[in-house]
Amino acid sequence: MLFLYNLALQTYALLLRLVASFVPKAEQWLSGRRGLLPHIQQTLKGETAPLVWFHCASLGEFEQGRPLMEAFAQEHPHFKIVLTFFSPSGYNVRKSWPGAHYVFYLPLDTAANARAFLDAVRPQLAVFVKYEFWYHFLTQLQRRRVPVVCVSAIFRPQQVFFKPWGAFFRKIISRFTHIFTQNEASVELLRTIGIRQASVAGDTRFDTVVRTALASPKPLPLVEAFVADGAPVFIAGSNWPEDLPALTPLLRQYQEEMRFIFAPHEITESNLALVEATLPGRVARYSTATPATVAQARVLLMDNVGLLSQLYRFGTYAYIGGAFGKGLHNTLEAAAFGLPLFFGPTYTKFQEAVDLVEMGAAFPVHTADELKTAFGLLWHQNEVRLRVQDMSLEYVHQQAGATAKIMAALAKMHVVAVVN
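Since the structure is predicted, the reported quantities are computational estimates derived from the model, not experimental observations.

> I tried to follow the state of the cysteines on my own but got confused; where do I start?
Structurally, a disulfide amounts to a covalent bond that connects the sulfur atoms of two cysteines. Inspection of every chain in the model, using the stated rule, returns zero disulfides. For Cys56, which is in no disulfide, the shortest distance to another cysteine sulfur is to Cys150 and amounts to 11 Å. Cys56 gets classed as buried once you look at its relative accessible area, which sits at 0%. Of the residues examined, Cys150 reaches a relative accessible area of 0% and is grouped as buried.

> Quick question: what am I supposed to make of the packing of aromatic side chains here?
Between two aromatic rings, the relevant description is the distance of the centres plus the angle of the planes. One pass over the structure, following the stated rule, counts 37 aromatic pairs. Taking the centre distance of 6.1 Å and the plane angle of 75° together, the rings of Phe161 and Phe162 count as edge-to-face. According to the relative accessible area criterion, Phe161 is buried, its value standing at 6%. When its relative accessible area of 16% is taken as the criterion, Phe162 is described as buried. Through a chain of ring-to-ring contacts, three or more aromatic side chains come together here, namely Trp53, Phe117, Phe128, Phe133, Phe137, Phe155, Phe161, Phe162 and Phe176.

> Would you mind going over the nonpolar core with me for this structure?
Where a protein is soluble and globular, its nonpolar side chains tend to be buried together. Trp53 and Leu83 are the most contacted members of the largest nonpolar core, which totals 78 residues. In terms of residues, this core owes the most to one element, helix α6 (residues 111-121), which gives six residues. With sequence-adjacent residues up to four places away left out, Trp53 is seen in contact with Val82, Thr84, Leu106, Phe117, Leu118, Pro123, Leu125, Ala126, Val127, Phe128, Phe137 and Leu141. One finds Met258, Val275, Ala362 and Val365 within the second-largest nonpolar core, a separate group that totals 72 residues.

> Just checking my understanding: could you explain helix α2 (residues 24-31) for this structure?
For an α-helix, 3.6 residues make a turn, and residues three or four places apart therefore share a direction. Every buried residue belonging to α2 is among Ala26, Trp29 and Leu30, and all of these are buried. All buried residues of α2 fall inside an arc of 95° around its axis, so they share one side. Buried residues along α2 sit against α1 (2-19) and α5 (88-94).

Here is what the cut-offs are and how they apply
Counting restarts for each chain, with residues numbered from 1 along the sequence as it is written. Where local features are concerned, this predicted model is filtered to residues with pLDDT of at least 70; where side-chain atom pairs are given and counted, the filter is 80 or more; whole-chain, interface and lining totals use all residues. Calculation of side-chain values draws on the structure's entire complement of heavy atoms; hydrogens and water are dropped beforehand. Here, two cysteine sulfur atoms that lie within 2.5 Å of each other are counted as a disulfide. Here the term buried applies to any residue with accessible area under 20% of the maximum for its type, exposed to any over 50%, and partly exposed to those in between, with areas from a 1.4 Å probe on protein chains only. Ring pairs shown here join Phe, Tyr and Trp side chains whose ring centres sit within 6.5 Å, with only the six-membered ring taken for Trp; geometry is labelled stacked below 30 degrees between planes, edge-to-face above 60, and tilted in between. Among buried residues, those of type Ala, Val, Leu, Ile, Met, Phe, Trp, Tyr and Cys that are joined through side-chain atoms within 4.5 Å constitute a nonpolar core. Helix numbers and strand numbers start at the N terminus; a helix is a DSSP run of H or I with at least 4 residues, a strand a run of E with at least 2. Should any heavy atoms of two residues lie within 4.5 Å, those residues are considered in contact. As used here, the arc belongs to the directions running from the helix axis to the C-beta atoms.

This is a description of form; function is not addressed.
Next comes the structure, spelled out in structure tokens:
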């Protein structure tokens, strides 16, 4: 099975090379890893401070890991943080994040790369956020007796770990010193395959979104000018082209009564043009707009990265993209501001989305008509919208606190004895 695992990774890298000239993300993934290990070795040469390694697959996992990184830095200021990403979307946005002393791409998971990387980094503790189960890195960490924990993990019966043929993958997750899960169901699943080093801590993303919601807001003059007339604001966050067929009829029906903020998940000219086509002449791009032009527009199109979490404070309603494709994006950033949530049908992998739907604070839809119906119930019944707001806020604040739980647990575990 190890042979097939190695072959699959090499095939993956080969496919990226074949499509790199056509797919910008593939080219970024490859170019970011050219000369990567010598760069890491040279950068860390002579570093004498103890290092802790945090790994995040992409930007979403970074936001989950961020409160833990910040808490660790505050509690252990003599440590330096090494942060790695698998995906260009995470690395490109956070490569200059001041909370980490070093930010790198993660080398491809081969035995040689894992040895070379760990020889250079020499971490005294490794923290993997949510979903990253790399055989060679985890094996090398175990062999070197480096404590390694997984945080904000969530497991489902459909995953390969729990299948009769999943022995190899069960071996991978058995390498963790401890796994902090989002819910009790995940702990119970792990116990069925003999993984006992697991406990419930919750999802650290709640800590991030609560802090963002309570923090002093960042001035955004263009957005403030856009919403200055006091009209309700509908925010479509992290949307994909697949979301537009459901959104466009709603936008056109309510264009005179609401203002819309669109934030595509991928900022490409084709995606921006699709949104502009929904209301020709009434869409203002954030990068070229002025306070005067946004006041005349009905749609503010965000063609930058990194502001979405700040935008929800201006919202009255939110649609979260991705659930008409591979999966739903971050709902918590909007829920932390009490916004009623709408999204497509592919959401059940996300515990917070399931919870919000069950309590009636979020509304999954399959079609444009379903979205118009669900939205209309709140639009015409303000008392219902306010009740949803209260439920969302209460839920988010009740779920916060995972960071403190993990830090307290680490303080009681052998891993903290190692790092102190």
